[in-house]
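Remarks on the overall topology
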Amino acid sequence: KIKIVTIPYLNGDYRSVDDGFGDYPLYDVSPADFISLIKNASFVLTDSFHGAVFSHIYEKKFVVTNGRNNYEMGCRMQSLTELFGTEDRYFPNSEQVTTDSLMRLSSCPFHISRNEYERMREYSIPLILGVIGALIWANIDLSSYNKVFFEPLSEGGKYNLHWFIENGFMVFFFGTAMVEIVKSLSPGGALNPIKKAVNPILATLGGVLGPIGVYFLLNALIGSPDYSNGWGICTATDIAISWLAARIIFGKDSPATSFLLLLAVADDAIGLAIIAIFYPEDTPRPVFLLLCVAAMLLAWVMNKYLHISNLWAYIVFCGGISWIGMYYANISPALSLVLIVPFFPRKAIVRTNKKVLQQMDVEDEVPKVLNRKRYPQLSAFEQFEELIGPFVDFGLIFFGLANAGVAFSDMGTITFIVTASTILGKTIGIFGLSEVGRLAGFDRPDGMGKAETLVAGITGGMGLTVALFVAGAAFGESAPELLAASKMGALFTVAAFIFAFVVAKITRIKKVD
């Protein structure tokens, strides 16, 4: 149930109808509060011109009405909605707003053009530029590429730029992946309750087991025992790239796009476990994992009893201890924040000018009066999403540069095995186990048929980011030729988009925007 936050007497006008309306009436709301309420709302119903403006800016589902029957105000509201093609959301008279109209408009998607910054994040431009740049660089001057990324930064040292990207930046990458997993498992999330997630989870399981089976089959037929450790490379699905491909093929509002995003998130959860269990950096030393347990316990105490909401306290202290524990346990420290993110506080102290209004969960649909400068007690969970998310999205250009630099001459049999296993195995596994789930009574999301599931399976074959990471863990510097060839195979999985696009056209899948 959506809670209603109201701002009565906004212009100093007393109206008896405002008394007792809504769940949380706010008084003496500042401009910052007003904007933040709209930014974090699920739906906006306003008779304020500025409310309509900010609803457009933040792309909120809204209804605006000329509640005071002011002619000049009505002209401004009409002009605004005509400018953005949202005339159906303007009601000249508040009495025209009915329950039916609110229900209809609340279910209709609303989007306007975004700035270049948001568009670059949305379409994974930094990662794509990094991959392309690395390929060009490595095929023009491989020696200079290797010198920049793989030569020790100090004489006689063992740490290079690639190591810092893999064990520093990727900490935050996997942390953001864990945020999506936690949200999906939370009440109201895509994996909660469990029954509605059964079909996507089965599809995810198929998307892991299918590629593994195909990999071992192809390796037995045309491969080598030296390739056997590379099976984990083909289990990955790149969240950003596959979601981008799904938007192009299915449309942003298609249930198939949401299905694939959910599948990619769950796939990453399994991928994190595969990296930690099957690809330790050296002989595991489990005793040091006690530090990771201590880090989780510290995060729990900081949240539960000390009520610390500062993000950096969790990253530096808890994340730092977890990183040290994994490093000395010979498990990739890139996974260190994965253990800490679930303990991030998800309660935010919401303040008005007069008092602390309430504590609310950041996943709740109640709008939040949150302003970072005036209200420093934001939840760490929300801070991580808002601050670290953009850093990761743009930082992927460096990950792409550091990992995709392979020469085309490095291609080998394992290149084909990785590419074929990922695309073919994902397609068979996702479609097959999703169909098994349907026959067992666990239906797919409404609007998804066999054709959509098949194309989603093909699209899920785009490994890239996590696949490149696993390739480094599988072969490392001890087998540079296999590492380069397997990375090339991971890069070639982007061809899944072409196959998915063609099959979508053949099966006449309609795009839903």
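This text follows the structure it describes.
Structure report, in brief. (Residues numbered from 1 in each chain as written. Predicted model: local features only at pLDDT ≥ 70, side-chain atom pairs only at ≥ 80, totals over all residues. Heavy atoms only, no water.)

**Side note on the packing of helix 8 (residues 161-185) against helix 11 (residues 255-278)**
Test applied: Note on definitions: angles span 0 to 180 degrees between N-to-C directions of axes, and those axes are lines fitted to C-alpha atoms, for helices only across the stretch in contact. The helix and strand labels rest on DSSP assignments: H or I over at least four residues marks a helix, E over at least two residues marks a strand, and numbering proceeds from the N terminus. We call two directions roughly parallel when the angle between them is under 35 degrees, roughly antiparallel when it is over 145, roughly perpendicular when it lies between 65 and 115, and oblique otherwise. Note on convention: near helix rotated counterclockwise from far helix by under a right angle means a left-handed crossing. Clockwise means right-handed. Any two residues whose heavy atoms approach within 4.5 Å are treated as being in contact.
Contact geometry of helix 8 with helix 11 gives a least axis separation of 9 Å together with a crossing angle of 125°. Regarding the angle of helix 8 to helix 11, the classification is oblique. The element helix 8 and its partner helix 11 pack so that their crossing is left-handed. Between helix 8 and helix 11, the residues in contact are Phe174, Ala177, Glu180, Ile181 and Ser184 and Leu262, Val265, Asp268, Ala269, Leu272 and Ile275, respectively.

**As for the packing of aromatic side chains**
Heads up, the rule is: Pairing of aromatic side chains requires ring centres within 6.5 Å, counting the rings of Phe and Tyr and the six-membered ring of Trp. Pairs whose planes differ by under 30 degrees are stacked, by over 60 edge-to-face, and all others tilted.
Inspection of the entire model under this criterion finds 23 aromatic pairs. Judged by centre distance (5.1 Å) and plane angle (75°), the rings of Phe174 and Phe469 are edge-to-face. Here Phe174, found in helix 8, pairs with Phe469, found in helix 17 (residues 465-474); they are 295 residues apart in sequence, far enough to count as distant. Residues Trp300 and Tyr305 carry aromatic rings whose centres are separated by 5.4 Å and whose planes lie at 85° to one another, so their mutual orientation is edge-to-face.

**Section: the sheet that holds strand 3 (residues 44-46)**
Quick note on the threshold: In this description, strands pair whenever DSSP reports at least two bridges between them.
Pairing is parallel across the open sheet formed by three strands, whose spatial order is 3-4-5. The sheet is open, and its two edges are formed by strand 3 and strand 5 (90-91), each paired on a single side. For strand 3 and strand 4 (residues 62-65), the ladder comprises three bridges, and the chain directions are parallel. If you follow Val44 over to strand 4, its bridge partner there is Phe62.

**Comments concerning the pairing of strand 4**
Residues in a regular strand project their side chains so that they alternate between the two faces of the sheet. Which entries qualify depends on this criterion: The classification of residues rests on relative accessible area computed with a 1.4 Å probe and restricted to protein chains. Under 20% of the type maximum is buried, over 50% is exposed, and intermediate values are partly exposed. Handedness is read with the strands pointing away from the viewer; a crossover is right-handed when the path from the first strand over the helix to the second is clockwise.
On strand 4, burial covers both faces: Phe62 and Val64 on one face and Val63 and Thr65 on the other are all buried. Handedness of the crossover is the feature at issue here: the chain leaves strand 3, passes through helix 2 (residues 49-57), returns alongside strand 4, and the resulting connection is right-handed. Sheet analysis places strand 4 next to strand 5, joined by two bridges and oriented parallel. If you follow Thr65 over to strand 5, its bridge partner there is Phe91.

**Brief notes about the packing of helix 15 (residues 413-439) against helix 16 (residues 450-459)**
For the pair helix 15 and helix 16, interaxial distance at closest approach is 7 Å and the crossing angle is 145°. Between helix 15 and helix 16 lies a crossing of right-handed hand. Across the interface between the two elements, Lys426, Thr427, Ile430, Phe431, Ser434, Glu435 and Arg438 of helix 15 pack against Lys450, Thr453, Leu454, Gly457 and Ile458 of helix 16.

**A word on the layout of surface pockets**
Filter applied, for reference: Using protein atoms alone on a 1 Å grid, points that fit a 1.4 Å probe yet trap it form a cavity, whereas open point sets bounded by protein on both sides within 12 Å along at least five of seven lines form a pocket; residues with an atom within 4 Å of a point count as lining. Grid points are joined across faces, edges and corners, and a volume is the space filled by probe spheres set on the points. Residue polarity is assigned by list, with Asp, Glu, Lys and Arg as charged and Ala, Val, Leu, Ile, Met, Phe, Trp, Tyr, Cys and Pro as nonpolar; anything else, Gly included, falls into the polar class.
Put simply, the second largest pocket is a space of about 1,100 Å³. Around the second largest pocket, the lining is made up of 37 residues, and of these His162, Gly472, Gly476, Glu477 and Leu483 lie nearest the centre. Of all the secondary-structure elements, those providing two or more residues to the lining of the second largest pocket are helix 7 (142-150), helix 8, helix 14 (380-403), helix 17 and helix 18 (480-492). For the lining of the second largest pocket, the element with the highest residue contribution is helix 18, accounting for five residues. When grouped by side-chain class, the residues that make up the lining of the second largest pocket number 17 nonpolar, 12 polar and eight charged.

**Comments concerning a nonpolar patch on the surface**
The line we're drawing: Candidates for patches are residues over 30% relative accessible area with no salt bridge; among them, like charges are joined within 9 Å and nonpolar side chains (Val, Leu, Ile, Met, Phe, Trp, Tyr) within 5 Å. Note on areas: Shrake-Rupley with a 1.4 Å probe; residue coverage comes only from the protein chains shown. What makes a salt bridge here is a side-chain nitrogen of Lys or Arg within 4 Å of a carboxyl oxygen of Asp or Glu, nothing more.
A grouping of Val148, Leu153, Tyr159, Leu161 and Phe164 is seen on the molecular surface, where their side chains present a nonpolar patch of about 420 Å² in accessible area. As for its position among the elements, Leu153 is in the loop between helix 7 and helix 8.

**Things to note about the environment of Gly271**
Structurally, Gly271 can be placed in helix 11. On the basis of relative accessible area, Gly271 is assigned to the buried category, the value being 13%. A C-alpha to C-alpha distance of 9.4 Å links Gly271 and Ala467, two positions 196 residues apart in sequence.

**What about the pattern of salt bridges?**
Scanning the entire structure with this criterion turns up five salt bridges. When the shortest N-O distance is used, the salt bridge between Arg438 and Glu435 registers 2.5 Å. Taken as a pair, Arg438 and Glu435 lie in helix 15 at a separation of three residues, close to a single helical turn. Judged by relative accessible area, which is 30%, Arg438 ranks as partly exposed. A relative accessible area of 12% means that Glu435 is categorised as buried. Close ionic contact of Glu435 with Arg444 constitutes a salt bridge, the shortest N to O distance being 2.3 Å. Among the ionic contacts, a cluster of salt bridges with common partners joins Glu435, Arg438, Arg444 and Lys450.

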